[in-house]
Amino acid sequence: MNIDVTSAGFDTDSAAGSDIRSVGVVGAGQMGNGIAHVCTLAGLDVTIVDIKPDALSKAMATMARNMDRQVNRSLITADERDEALVRVKTATDYAALAAADFVIEAATEKEDIKRLVFKSLIPNLKPSCIVASNTSSISITRLGAATDRPEKFIGMHFMNPVPVMKLVEVIRGIATDEPTFQAVLALAQKLGKISAVAEDFPAFIVNRILVPMINEAVYALYEGVGSVAAIDTSMKLGANHPMGPLELADFIGLDTCLSIMQVLYEGLSDSKYRPCPLLVKYVEAGWLGRKTGRGFYDYTHTPPRPTR
Ligand code: NAD
């Protein structure tokens, strides 16, 4: 596997990079609002599209709250926050993305949902528009083939929370052309991110390593090796991780963790990636972590209370 880490040393004013002025974000969940946040602060016009109007209003409120925090820490000024929030529009109709130079899909981590998104989205875009997916694990080549423009299709995988985390994984599908790749590297740099280039293998680099560790932590819980608190404390104090693996799973979303394990299991045909039955059960119960108020911790308590 040829993995190349680059600090994206490209000129932000290069023709391809500076052509991106108007950005569409599909999916207003935790990742969508973060991507919109960094794009608008970089001076780009942003339109977020989601099928759920309440997800859009929640995303705007989250973005405003997170920008307030940045103002309080003197990372941005109040004027920059106000101007940035005005640049973000929301819509439930893909027609709102007709003028976009770049659209990033950040909808639910399910291949059939993403295919439906592209089917409805693509007819609304101008031919020159670059289309990216923020998928954590699904093949960029396969998603690109479901569009009319595999050469202008690419993986741009932001980390959560987007305004804080420096990394963006950039993944070329087999058909992605060089100008698209260069434009996305330049965009990442404009957003203040560092790019790592990953080949198009299941879950790319970060999640190929991170999510099996989380799955193993769920197995340790399932087999009674330790409680939620013992497992998280062990990895924080014993391995110097800033968050315990179960706390991190709740932060990512247990549905997203399960989907990534399923992609690894099926994509690499190796039983070492089998999702833990306890993770499956939590997702079936709708206990998806922070976003639903309960996962391995119960977030109706302050501080959150371990559930096992
Ligand atoms: P989320 O569940 O918070 O949000 C998903 C959003 O997609 C929801 O608002 C939902 O209404 C919307 N959606 C569903 N179907 C749609 C459709 N047909 N059209 C438009 N919107 C639709 O999920 P998330 O955590 O923001 O993850 C989004 C993507 O980002 C996934 O591909 C995920 O793998 C990836 N990702 C997640 C993380 C993480 O830590 N959560 C990190 C990096 C990448």
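Residues numbered from 1 in each chain as written. Predicted model: local features only at pLDDT ≥ 70, side-chain atom pairs only at ≥ 80, totals over all residues. Heavy atoms only, no water.

1. Notes on the pairing of strand β6 (residues 130-133)
By the alternation rule, side chains of β6 split into Ile130 and Ala132 and Val131 and Ser133, which are all buried. One ladder, built from 4 bridges, connects strand β5 (residues 102-105) with β6; its direction is parallel. Residue pairing for β6: glutamate 105 is matched across the bridge by serine 133. Handedness of the β5-helix α5 (residues 111-121)-β6 crossover: right-handed. One ladder, built from 3 bridges, connects β6 with strand β7 (residues 153-158); its direction is parallel. Along β7, the bridge assignment pairs valine 131 with phenylalanine 153. Taken together, β6, helix α6 (residues 140-145) and β7 form a β-α-β motif whose crossover is right-handed. (Buried < 20%, exposed > 50% of the residue type's maximum accessible area, 1.4 Å probe, protein only. Helix = DSSP H or I, 4+ residues; strand = E, 2+ residues; numbered from the N terminus. Pairing = 2+ DSSP bridges. Right-handed = clockwise from strand over helix to strand, strands pointing away.)

2. A closer look at the side chain of serine 133
Note that serine 133 resides in strand β6. Looking at serine 133, its side chain comes within polar contact range of the side chain of glutamate 105, at 2.5 Å. Ignoring any residue separated from it by four or fewer positions in sequence, one finds serine 133 in contact with Ile104, Glu105, Lys114, Phe118, Ile140, Leu143, Phe153, Ile154, Gly155 and Met156. (Polar contact = N/O pair within 3.5 Å; in protein donor to acceptor, adjacent residues only side chain to side chain. Contact = heavy atoms within 4.5 Å.)

3. Looking at the environment of isoleucine 252
Mapped onto the elements of the fold, isoleucine 252 is located in helix α10 (residues 245-252). Here the alpha-carbon distance between isoleucine 252 and leucine 288, two residues 36 residues apart in the chain, equals 9.0 Å. Excluding residues that lie within four positions of it along the chain, isoleucine 252 makes contacts with Gln30, Asn160, Leu210, Ile214 and Cys257.

4. Regarding the packing of aromatic side chains
With the rule as written, the count across this model stands at 5 aromatic pairs. Relative to tyrosine 222, the ring of tyrosine 219 lies with its centre 6.2 Å away and its plane at 70 degrees, an arrangement referred to as edge-to-face. Separated by 3 residues within a single helix, tyrosine 219 and tyrosine 222 lie in helix α8 (residues 206-222), roughly one turn from each other. Taken together, the ring pairs in this structure connect Tyr282, Trp287 and Phe296 into an aromatic cluster. Lying across the ring of phenylalanine 181, arginine 172 places its NZ or CZ 3.7 Å from the centre. Its end group placed over the ring of tryptophan 287, arginine 294 keeps NZ or CZ at 4.0 Å from the ring centre. (Phe/Tyr/Trp six-rings, centres within 6.5 Å; stacked < 30°, edge-to-face > 60°. Lys NZ or Arg CZ within 6 Å of the ring centre and 35° of its normal.)

5. Overview of the nonpolar core
Formed by 41 residues in total, the largest nonpolar core has its most connected members in Ile48, Phe102, Met156 and Phe158. By size, the runner-up hydrophobic cluster in this structure holds 28 residues, among which are Tyr219, Ile231, Leu258 and Cys276. (Core = buried A, V, L, I, M, F, W, Y, C linked by side-chain atoms within 4.5 Å.)

6. Quick look at the site of the ligand
Lining the immediate environment of the ligand, one finds 27 residues, of which Met31, Asp50, Glu109, Lys114 and Ser136 sit closest. Here a nitrogen atom of the ligand and a side-chain polar atom of tyrosine 94 are 3.0 Å apart. Residue alanine 107 places a main-chain N or O atom 3.3 Å away from an oxygen atom belonging to the ligand. Contact with the protein chains removes 89% of the 840 Å² of surface that the ligand exposes when unbound. Among the elements of the structure, α2 (30-41), α5 and β7 are those that each provide at least two residues to the shell around the ligand. With 3 residues, α5 is the largest single contributor of residues to the shell around the ligand. Classifying every residue of the shell around the ligand gives 12 nonpolar, 10 polar and 5 charged. Here the shell around the ligand spans two domains, since at least three of its residues come from each of domain 1 (5-198) and domain 2 (210-297). (Near = heavy atom within 4 Å. Areas by Shrake-Rupley, 256 points an atom, 1.4 Å probe, with all protein chains shown as cover. Nonpolar A, V, L, I, M, F, W, Y, C, P; charged D, E, K, R; others polar. Domains from an automatic or database assignment.)

7. What about the confidence of the model for the protein?
A residue-level look at the protein finds 94% of positions with pLDDT of 70 or above and a mean pLDDT of 94. Here residues 1-15 scores under 50 on pLDDT; set against residues more than four positions off or in separate chains, the count is 30 contacts. (pLDDT = per-residue confidence, 0-100.)

8. Concerning the pattern of salt bridges
As enumerated under the stated definition, the model contains 11 salt bridges in all. Two residues, aspartate 101 and lysine 126, come together in a salt bridge whose shortest N-O distance is 2.7 Å. One end of the pair, aspartate 101, is in the loop between β4 (88-91) and β5; the other, lysine 126, is in the loop between α5 and β6, and 25 residues separate them in sequence. Since its relative accessible area comes to 28%, lysine 126 is described here as partly exposed. Of the charged contacts in the structure, one is a salt bridge between lysine 114 and glutamate 109, with a shortest N-O distance of 3.7 Å. Of the two residues, lysine 114 and glutamate 109, neither departs from the other in class, the shared state being buried. (Salt bridge = Lys/Arg side-chain N within 4 Å of Asp/Glu carboxyl O.)

9. So, the packing of α8 against helix α11 (residues 254-268)
Two elements in contact, α8 and α11, have axes separated by 10 Å at closest approach and are oriented at 110 degrees. Considered as vectors, α8 and α11 are oriented roughly perpendicular to each other. For the element pair α8 and α11, the recorded crossing hand is left-handed. Of the residues in α11, those touching α8 at Asn207, Arg208, Val211, Pro212, Ile214 and Asn215 are Cys257, Ile260, Met261, Leu264 and Leu268. Here the contact of α8 with α11 is composed, by residue class, of 8 nonpolar, 2 polar and 1 charged. (Axes fitted to C-alpha atoms, helices over the stretch in contact; angles between N-to-C directions. Parallel < 35°, antiparallel > 145°, perpendicular 65-115°, else oblique. Left-handed = near helix turned anticlockwise from the far one by under 90°.)

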